[in-house]
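What follows is the residue order along each chain.
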Amino acid sequence: MPETRERIIDVGDLEPNFRNEILAEPGGERFMRCFSCGTCVAGCPVAGMTEKYNPRRIVRMALLGMRQEVLASEFVWLCSTCYTCYERCPQDVHIPDLMNAIRNIAVREGHVPPAFRQQAELLRDHGRLYEITNYENQRRQEAGLPPIQERGDEVRRILVRSGVLEEVES
Amino acid sequence: MRFALYLGCTVPVRAMNYEVAARRTADHLGIELVDLDGFACCGYPAKPLSWDAALLMAANNLALAEEHGLDVCTLCSACTSTLVEANKHLQEDSALRARINDQLSENTGRRYAGTVTVRHYARILYEEVGPERLRQESSVDLSGFGFAVHYGCHFLKPAHIYDGFDDPENPHTLGDLVAATGARLIPYEEEDACCGGGILAVDPDTALGIAKGKLDHVHITDADGMIVICPFCDIMYEINQRSIERQFDVSYRLPVLYYPQLLGLALGYSADEMQLRLNRVKSRELIQAFTGRARCPGAASNG
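None of the values given here were measured: they were computed from a predicted structure.

Participant: Would you explain the overall build of chain A in this entry?
Facilitator: For chain A, the count of helices and strands is 11 helices and 0 strands. When the elements of chain A are put in sequence order from the N terminus, they spell out α-α-α-α-α-α-α-α-α-α-α. The C-alpha radius of gyration computed for chain A amounts to 20 Å, which surpasses the reference 15 Å derived for 170 residues by more than 25%, pointing to a less compact arrangement than a globule. Seen through its principal axes, chain A has C-alpha atoms that stretch 65 × 35 × 35 Å. For chain A, the proportion of its 170 residues judged to be buried stands at 50%. Considering only contacts in chain A between residues 6 or more positions apart, those separated by 24 or more positions represent 66%. A total of about 8,700 Å² of accessible surface is found on chain A, and carbon and sulfur atoms cover 47% of it. One finds the centroid of the 22 positive side-chain charges in chain A at a distance of 4 Å from the centroid of its 26 negative side-chain charges.

Shown next, in the form of C-alpha cells:
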C-alpha cells in the first residue's frame, strides 16, 4: 500500500537538532514543555475551519526533527495569532510565539509566502502597509483629517539591518 | 490628558470613520491627541519575518513618542499588542534594550529608554474617563438600539502584557463602555471568537469562514449592529461582509460600527459628524435617527 508507505516517517530523514534550533530562537524557548494534550487545537479558530492547521501536530513534527517538512510547509503561516491557545495552554508553550519562531527560521531558509513578501515590499517602499499618495491625503482632508507623511527611509534601514530584505528580494 | 495618537497603517486609509470619531470624542472628553510626524508601521507584519526587525520598528515608534514626552494612544488592536509587547520586552530586559538601542541608533539615530506607556483608546476611555462619566455625558437616548460587542483578540491577549486590564476569557470592559452609551448589550454565542483577519492574506477562504461564524451568531439575535475597536476586525465583518454573503449564499446586511462612533452619537453628535456614511454596511435606522440632529441637543432645545 503506497499510501501507507508515504505516511511512514523514515528516522534516517529526521534532523534531531531541529529542536535545539527552535529552542535558540526568540519565542521557541518553551516548546519542549508540550505534553500533547490538544487544548490548543480544541480552541483554535483556524483548526476548527481547516485540517491544514493543527498546532499539536506541528509541535510533534518539530520535536521529531521533521525540519524540511515544517519549514517548507504552508501550515506554519496559518496561525492567526488570536492567542486563545496561549491563554489556555496548561504548559505555557506560547504557541503563537513558537509559530513565529519557526516562521523566522523558515524565512532565513528562503521560505517566504507571497503575501508576506508583498507586505515586506510595501514596508520597504513606504514604511507602512498602505501607500499614502495625494489621493489618500485628499480623502483625509475631505473628512477633516490631517495629512499623513510617509517615512519609509527609517523602516527600510531597519529591514536591511535585520536581513529581511535579502530573504524577500532573493 | 495628552497622548501621541498612533494611527498605524490601516486606520488612516481604510477606517477614517473610526479616526474621525475617535478624535471628536476624545476632544469632547478633554483628551488631547497629538499628531507626531514620523510614526511608521508598528512592526506587526515584520514579526513573522524577523522578530528583531519588528522590535526595532516598534522601538523606533516608542522612541519618537519618548522624545516628545508623550504616552501613546492607539486605535488598532494589532498595533496595540505589538507596541505593548515590544515595550514590555524592552522595559524588562535591559540586555535586549541595549542591543536593540545599538542597532536603532545606528539606523535611525534614536534610542529608547523605556519610559512610554501604550494604551488602546478604548482602554484609555475605560480607565481615564470611566463608564460612569460616559453615562453622565451621554445626552442622547440610545436605549432603542442594541449591539453585539466584538472585543477582538489583541485588545485582551496575550493577557500578561496588559497587566490584568481585563479577563481574556470573560471580558467586560468594552461591554461596560457600550452600556454607558445607553444602548442595549446583545449577548450572542462565542463572543470571544477571532475575526480571522490574521490569515486573510494567506488563506482567504479559511479567514472568511472564521468571520462567517460570528456573523451567523450575531445575525440570529435582534442586534442592530456589531461594535468593533480594530480595523482588522472591521475589514473582516464589514468590508468583507458582501464577499462572505456571496461566497456562502447568505444574507446579513449587519451594520458594524466603531465604538467611538456609537459613543459620539450618545454624546450628541450627528450621524454625519460620526462619518456613518463611510461605513460600508449602512445602518438606515441609525442614520435616520441621528441625521440633522444638533451637536449640542441642550442648546438646540433652547433655540
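Still to come is the rest of the account.
Participant: How should the pattern of salt bridges be read in this particular structure?
Facilitator: Pairing of side chains with opposite charge becomes possible as their charged atoms draw close. All names here are of chain B. In total, this model carries 30 salt bridges over all chains according to the counting rule given. Close ionic contact of R99 with D52 constitutes a salt bridge, the shortest N to O distance being 2.9 Å. Of this pair, R99 sits in helix 5 (residues 94–108) while D52 sits in helix 3 (residues 51–67); the two residues are 47 residues apart in sequence, bridging distant segments of the chain. For R119, the salt bridge is made with E127, and the minimal N-O distance between the two is 2.9 Å.

Participant: Even after reading the chapter, I still don't get the domain arrangement of chain A, so can you show me in this structure?
Facilitator: Accessible area lost upon the coming together of the parts serves often as the stated size of an interface. Structurally, chain A comprises domain 1 (11–108) and domain 2 (114–169). Using only C-alpha atoms to locate each centre, domain 1 of chain A and domain 2 of chain A end up separated by 30 Å.

Participant: It is not clear to me how the domain arrangement of chain B should be interpreted in this structure. Could you clarify?
Facilitator: All names here are of chain B. With domains assigned, chain B is organised as domain 1 (2–120) and domain 2 (131–293). Each of domain 1 and domain 2 has a C-alpha centre, and these two points are 24 Å apart. At the junction of the two partners, domain 1 supplies 25 residues and domain 2 supplies 30 residues. Carbon and sulfur atoms supply 69% of the area buried between domain 1 and domain 2, which totals about 2,500 Å² over both sides. On the domain 1 side of the interface with domain 2, the three residues burying the most area are N17, H28 and L29, jointly 23% of the side's total. Joining domain 1 to domain 2, the criterion identifies 2 salt bridges. Across the pair R24 and E273 runs a salt bridge, and its minimum N-O distance is 3.4 Å. In this assembly, domain 1 and domain 2 are joined by 8 residue pairs in polar contact (both at pLDDT 80 or more).

Definitions and cut-offs
- Residues numbered from 1 in each chain as written.
- Chains lettered and ligands numbered in written order.
- Predicted model: local features only at pLDDT ≥ 70, side-chain atom pairs only at ≥ 80, totals over all residues.
- Heavy atoms only, no water.
- Helix = DSSP H or I, 4+ residues; strand = E, 2+ residues; numbered from the N terminus.
- Rg over C-alpha atoms; globule rule 2.2 N^0.38 Å.
- Buried < 20%, exposed > 50% of the residue type's maximum accessible area, 1.4 Å probe, protein only.
- Contact = heavy atoms within 4.5 Å.
- Areas by Shrake-Rupley, 256 points an atom, 1.4 Å probe, with all protein chains shown as cover.
- Lys, Arg positive; Asp, Glu negative; His and termini not counted.
- Charge placed at Lys NZ, Arg CZ, Asp CG, Glu CD.
- Salt bridge = Lys/Arg side-chain N within 4 Å of Asp/Glu carboxyl O.
- Domains from an automatic or database assignment.
- Buried area = accessible area lost by both parts, 1.4 Å probe.
- Polar contact = N/O pair within 3.5 Å; in protein donor to acceptor, adjacent residues only side chain to side chain.

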